Amino acid sequence: MQWLLNIRLRHKFWLVNSVSFAIALALVLCAMYIHTQSVQERDAEHARARTASWGEVLAQVPKDRVEGLIQGDWFAIDKTTGQVWGHAAQGLPEALLTRVKEDAGSTVALELLEPGITEIQTPGYWIASLYVKELDLAVALRLETATLAGTFLSQAPTYAVVVTVLMLVLLLVSQLLISFIENHINRLRAVMLRVQNE
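These remarks concern the structure in this document. The structure displayed is predicted, hence computed values, not measured ones.

## Looking at the overall build of the protein chain
Link 1 in the chain: Along the protein chain, the regular secondary structure elements total five helices and five strands.
Link 2 in the chain: Against the 2.2 N^0.38 benchmark of 16 Å for 198 residues, the protein chain shows a C-alpha radius of gyration of 30 Å, more extended than a compact globule.
Link 3 in the chain: Judged by the C-alpha coordinates and their principal axes, the protein chain covers about 110 × 25 × 25 Å.
Link 4 in the chain: At a minimum sequence separation of 6, the contacts of the protein chain that also span at least 24 residues come to 58%.
Link 5 in the chain: Here the protein chain has roughly 12900 Å² of accessible surface; of this, 63% comes from carbon and sulfur atoms.

In structure tokens:
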């Protein structure tokens, strides 16, 4: 730590500014993570509610008419035949489809599918599934949700502008403070030299 005492005052301020910049970046990443978590939780509740209500509706429908109702973000698996209905099931991992098929619980089961690290543009999905006992059918909703990478891509420009403005203000204020302190130090040094010479 001795080297900190030996560097010039101006460089000490630059060091403090660098630490401030690193802290600002860490806060930005934390904010993005918290935002992503809150969006995922909201979407999970939405998926749970939609699946529960849709399961109640399907329980009143004859089984031979169900396939025509499974559209959009919905898919269903007939537990008897293993047949999968609905385009929403396309591209889903086989292991997940097997878990949906084997689930016989009376409550909505939720599973989050997040893309790999290299798949930055790919969204995440909540898979909310429910066993409809009356039809011996597993019905599921595939609902798109936020990912940390997606949040970063969408919000990074905004955060970059805010952090840049804050850092410019910090740099300007610190430069003014450095100039103020150095002027006083130089004036004090000049007075001390004059007194010494007299």
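## Points about the environment of Leu25
Link 1 in the chain: Relative to the assigned elements, Leu25 resides in helix α2 (residues 9–58).
Link 2 in the chain: Given a relative accessible area of 39%, Leu25 falls into the partly exposed group.
Link 3 in the chain: Along the chain, Leu25 and Tyr159 lie 134 residues apart, while their C-alpha atoms are 9.1 Å from each other.

## Structural notes on the nonpolar core
Link 1 in the chain: In terms of nonpolar packing, the biggest core is built from 21 residues, with Leu58, Val66, Ile70 and Val139 touching the most fellow members.
Link 2 in the chain: Going through the elements one at a time, α2, β1 (74–78), β4 (124–132) and β5 (137–145) are the ones with two or more residues in this core.
Link 3 in the chain: Not counting residues within four places of it along the chain, the set of residues in contact with Leu58 comprises Val66, Leu69, Ile70, Leu135 and Val139.
Link 4 in the chain: Within the second largest apolar cluster, eleven residues are counted, among which are Ile77, Ala89, Leu96 and Ile127.

Reading the values: rules and limits
- Residues numbered from 1 in each chain as written.
- Predicted model: local features only at pLDDT ≥ 70, side-chain atom pairs only at ≥ 80, totals over all residues.
- Heavy atoms only, no water.
- Helix = DSSP H or I, 4+ residues; strand = E, 2+ residues; numbered from the N terminus.
- Rg over C-alpha atoms; globule rule 2.2 N^0.38 Å.
- Contact = heavy atoms within 4.5 Å.
- Areas by Shrake-Rupley, 256 points an atom, 1.4 Å probe, with all protein chains shown as cover.
- Buried < 20%, exposed > 50% of the residue type's maximum accessible area, 1.4 Å probe, protein only.
- Core = buried A, V, L, I, M, F, W, Y, C linked by side-chain atoms within 4.5 Å.

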